[in-house]
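Descriptive structure summary
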Amino acid sequence: MTSADNLRAFKRDGRIVVVGASLAGLRAAEALRDEGFTGSLTMIGDELGEPYDRPPLSKQVLTGWVPADGTTLPRRRGIDAQWLLGVPASGLDLATNHVHLTDGREVPFDRVLISTGVRARPWFVESEAALDGVFVVRTREHAESLQRALAAGPSRVLVVGAGFTGSEIASICRERDIPVTVAELAPAPLVGALGAMIGEVAADMQRAHGVDLRCSVKVTQLEGDAEGHFRRAHFSDGSTIDADVAVVALGSIRNTEWLRESGLAAGVWGITCDTGCRALDIHGRVADDVFAAGDVARCPNPIYEYRLIALEHWANAVEQAEVAAHNMVSAQADRRPHLSIPLFWSIQFGVNIKSVGVPTFADEVVVTQGSLDDHRFVTVYGYRGRVTAAVSFNNGKWLDHYRRLIEKAAPFPPPCPTPDQPAEMKPVPVDFPGPALLAQGATAVVTGHDPGERRVTAVHRYRQVEGRTTTTGTPGTLQRIFDYSARADPYPLYAELRRTPVARQEDGSYVISAYREITDILNDPHLSSDVRNLSRPMPSAEGGATSSFIHMDSPEHDRLRRMATRHFGPPHTPGLVTGLEGFLTATVRSLIDDLAGKEQIDVVDDFAFPFPVTVICHLLGVPREDEPMFHLWVNDIMNSIDYDPKTDPKEKLDKGVQARKDLRQCLGELVEQRHGRPGDDFLSRLASDDGPDGRMADADIVATAKLLLIAGHETIVNLITNGMLTLLRHPQVLQRLRDEPDLVVPLVEELLRYEPSVQIIPWRAAYSDITVADTVIPQGSQIMLMLASGSRDPKRFHDPDRFDPDRRDNQHLGFGSGIHLCFGGPLARRETQIALTELVRRLDRPRLVADPPPYRPSPVLRGPIHLDIEQGDG
């Protein structure tokens, strides 16, 4: 049967399940029928009623113009679907293609669309959130209850959060002549979405209408009376107010928790998709039968450098749903991308606010029309000299003009199209708040993760905690982790650690050892990789030299990583790894040729150690005559990483410091040479590239090259050595690999789970207090992530202590996760695959000399320091 026949059969008899009876879900169902799909269609929703429109809830419903039950979405056509309402989805099994429901039912599908949207972020203290008079606004029931409370004429309303929803509610209160206090943690309303300039205008507008606006302050407690009614709010500056109603408008939470065990890249920012709305798994691979649309989806947009953009916009949900529906029932060649430019609107205090584009993707902003003082103007946003967004106050008719400028990447600042040009059009910095506040209230969040770079997320967002502390402790955990006696087999210790997934240490740091909690931390945008954000900063190993981007946070991390990956892998250089296969194979065979005839060999010294240095030198374009020096420098640096001041001579540390200095100097000279005589190597491409982010500075090129050399070396040496040791301990698997060379691909994935090179990420830091597994981790605390423990967590992996190259569900943590997912992973995989295949094929009856072998001192980069094996008759 041809592919065309299969498609016709699917459109006739296939099974499509839509999870999320939302605006996006309904419009997708209608589009599926319009596209000719006549098969089975099932709609799953957690609310009992049919899909309804949400924007009116914080606008017309609260004013009393429209009843809550009058917001049901109109049907464009009949969809002939089975409706399963009032029962949330609890899981997605991609191995069997079933959606699991909370009532125990399983719904089979051939293709599934996820449109589960978002829910309101609740108040962080459950007992206070339950007080009579405390509200959120997301559902019809929420809006109906709040409308009744406002109609009763409260003495004062407190609005917590001055994003769009909070500001609209404050506006409605003043319309109804109700006193209102707005508390906002940022310096001004709307600042997280639109920047400081418009934030100041919004603040003036609220105060002019009688709002008691309190910025740069947070609500620490909602106090109730003896009958359980909300009566008073406490603020971080020590003040209080009395009020009858509190509306919590702290943004939204994307409904992705039910997807945690699915293997999809689903988490705090939503579900990561390609431009065709197909979902990606946590390794960046497309799940061809899974699609996402609406508020829950994150799609790359070429206008914004293919960064993933999550939107909570009505028009985006409709357009995305129609694209997803089309692609679900179309051949590959007929699929189309979702490329629309975001549109948004809000009405507050008599002002019509409209935006086009993504204001958060900007570094400058300028007023091009009208006057800020008159609250009638257009501001245009720019990023690196091109127009990226525009926002209007009572001047929306010109937004189509600015949309065309965005589409054309017109120069910034643009000329004014009308006579109302301000006297001075001077761009100013857009000035968004820091990472801890950036996403609050934003209607478009640009996360900077490019799926082509294999940087995707798979976690949920934590509950933010203010004014609460709890601790758990496992005395001596750090000492036990670093005790060398556990190096040969640390896994029983890891199993013990997982009983307390988040353990506070005596020095105030936290050890996290369970899969779910580790992935949570790795992907939370409020976690920092910059050592300066620790409350007790660590000294840098670079001695003042420029750090690589793995020690930076967004947006600088994202910018440098994009520049590096343009020349190191998909989507810009998809053939890099495959183009190296001949060189990799020749290098491996040459090293193995040197082992011929030897009865005893050391896999580390004779093979695994020299191999990756040779490969990286080739990639960087290091002259062959200089390669021996690179081998020596890497050797000294590796030895210094394992330095123990109690037992090692200081010379070992000093040689590592000098090697780092010499390596930086040599790489710097090579970069200088490339400016005058560029070649086809990685250094040349970085030195001569004028891409969308500009040209990388020489110091950053050196830091990136050094990262590639050192991190690539550490990973590959341990991966090959741990792999060979594991195969020798499992002779049946070793023989299978000899007989079935294709087994090496899943075998290396299982190796990354079972015996990973990088066992521990020694630190992360929190921008603000967070709660993980009921433990509060204070801002600035050091967090240690036990990756190898997470990859053996029985709550995530079946029979985790068994080495099983046939394992299907293998979303391991061998290369980490989140925005710092190892960008050299594709090359590391292929190097290891070729190395193990050739070693197993060429070595003559290999067997271990000592088991366990001697290990490196470090528990972070765990692997044998020597792996002696015998071959031949012996």
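The structure reproduced in this document is the subject of the present report.

Rules of the game
- Residues numbered from 1 in each chain as written.
- Predicted model: local features only at pLDDT ≥ 70, side-chain atom pairs only at ≥ 80, totals over all residues.
- Heavy atoms only, no water.
- Buried < 20%, exposed > 50% of the residue type's maximum accessible area, 1.4 Å probe, protein only.
- Helix = DSSP H or I, 4+ residues; strand = E, 2+ residues; numbered from the N terminus.
- Pairing = 2+ DSSP bridges.
- Axes fitted to C-alpha atoms, helices over the stretch in contact; angles between N-to-C directions.
- Parallel < 35°, antiparallel > 145°, perpendicular 65-115°, else oblique.
- Contact = heavy atoms within 4.5 Å.
- Nonpolar A, V, L, I, M, F, W, Y, C, P; charged D, E, K, R; others polar.
- Patch = residues over 30% accessible without salt bridge, like charges linked within 9 Å, V, L, I, M, F, W, Y side chains within 5 Å.
- Areas by Shrake-Rupley, 256 points an atom, 1.4 Å probe, with all protein chains shown as cover.
- Salt bridge = Lys/Arg side-chain N within 4 Å of Asp/Glu carboxyl O.
- Lys, Arg positive; Asp, Glu negative; His and termini not counted.
- Charge placed at Lys NZ, Arg CZ, Asp CG, Glu CD.
- Phe/Tyr/Trp six-rings, centres within 6.5 Å; stacked < 30°, edge-to-face > 60°.
- Lys NZ or Arg CZ within 6 Å of the ring centre and 35° of its normal.
- Expected span 1.5 Å × (residues − 1).
- Core = buried A, V, L, I, M, F, W, Y, C linked by side-chain atoms within 4.5 Å.

**Concerning the pairing of strand β24 (residues 343–348)**
A regular strand carries its side chains on alternate faces of the sheet. Burial along β24 is one-sided: the face carrying Phe344, Ser346 and Gln348 is buried and the face carrying Leu343, Trp345 and Ile347 is not. Sheet topology note: the β24/strand β25 (residues 351–357) ladder contains six bridges and is antiparallel. Bridge pairing links Leu343 to Val356 in β25. Taking the residues that link successive antiparallel strands as the turn, the β24-β25 hairpin has two residues, and the phi of Phe349 there is positive, at about 55°.

**Description of the packing of helix α22 (residues 698–729) against helix α24 (residues 744–754)**
Here α22 crosses α24 at 100°, and the two axes come no closer than 10 Å. As judged from the angle between their axes, α22 and α24 are roughly perpendicular. Residue-level inspection shows Leu719, Asn722, Gly723, Thr726 and Leu727 of α22 in contact with α24, the latter providing Leu747, Leu751, Leu752 and Tyr754. Each residue belonging to the contact of α22 with α24 can be placed in one class, and the counts come to six nonpolar, three polar and no charged.

**What about unusual backbone geometry?**
Pro413 follows Phe412 through a cis peptide bond whose omega is 0°. Structurally, Pro413 is set in the loop between α10 (399–407) and β29 (428–429). Here the bond from Asp851 into Pro852 is cis, since omega is 5°, no more than 30 degrees from zero. Following the sequence through the fold, Pro852 ends up in the loop between β39 (847–848) and β40 (868–870).

**A look at a negative patch on the surface**
On the surface, a cluster of negative charge is contributed by Glu200, Asp204, Asp373, Asp374 and Asp431. Residue placement: Asp374 occurs in the loop between β26 (364–371) and β27 (376–383).

**Remarks on the sheet that holds strand β38 (residues 783–785)**
Strand pairing in a sheet relies on backbone hydrogen bonds. The paired strands run either parallel or antiparallel. Strand order in the open sheet formed by three strands is β31-β32-β38, with mixed pairing between adjacent strands. Looking at which strands have only one partner, the edges of the open sheet turn out to be β31 (502–504) and β38. Put simply, the sheet's adjacent strands are angled 20° from each other on average, direction ignored. Sheet topology places β31 next to strand β32 (residues 510–512); three bridges connect them, and they run antiparallel. Counterpart to Arg504 in the pairing with β32 is Tyr510. Against the sheet, helix α13 (residues 515–523) touches β31, β32 and β38, its axis set at about 120° to β38.

**Details of the packing of aromatic side chains**
Tallied over the entire structure, the rule returns twelve aromatic pairs. Here the aromatic rings of Phe549 and Phe823 are separated by 5.5 Å at their centres, their planes lie at 65°, and the arrangement is edge-to-face. Of this pair, Phe549 sits in the loop between β33 (527–528) and α14 (556–565) while Phe823 sits in the loop between α25 (787–790) and α26 (825–842), placing them 274 residues apart in sequence. By relative accessible area, Phe549 is classed as buried at 2%. Ring pairs connect the aromatic residues Tyr304, Phe361 and Tyr383, which therefore count as one cluster. Of note, Arg111 hangs over the ring of Phe10, and the distance from its end group to the ring centre comes to 4.8 Å. We note Arg792 situated over the ring of Tyr754; from NZ or CZ to the ring centre the distance is 4.1 Å.

**Let's talk about the environment of Pro108**
If you trace the backbone, Pro108 turns up in strand β6 (residues 106–108). In sequence terms Pro108 and Asp799 are 691 residues apart; their C-alpha atoms lie 26 Å from each other.

**Comments concerning helix α19 (residues 627–641)**
With 15 residues, α19 extends 21 Å between its outermost C-alpha atoms, agreeing within 8% with the 21 Å of an ideal straight helix rising 1.5 Å per residue. Where the residues of α19 are buried, they touch α18 (610–620), α20 (650–676) and α22.

**What to know about the environment of Gly276**
The residue Gly276 is located in the loop between β19 (270–272) and β20 (278–280) in this model. Looking at Gly276, the relative accessible area reads 11%, which means it is buried. Residues Gly276 and Pro337, spaced 61 residues apart in sequence, show a C-alpha to C-alpha distance of 4.6 Å. Ignoring sequence-local partners within four residues, the contact set of Gly276 consists of Phe291, Asn327 and Arg336.

**Brief notes about the nonpolar core**
By size, the foremost hydrophobic cluster in this structure holds 84 residues, and its most contacted members are Phe607, Phe611, Leu620 and Phe630. Broken down by element, the residue count for this core peaks at 15 residues, all from α22. Ignoring any residue separated from it by four or fewer positions in sequence, one finds Phe630 in contact with Val613, Cys617, Val622, Leu663, Cys666, Leu667, Leu670 and Leu709. Leu264, Ala287, Val290 and Met328 belong to the second largest nonpolar core, which has 52 residues in total.

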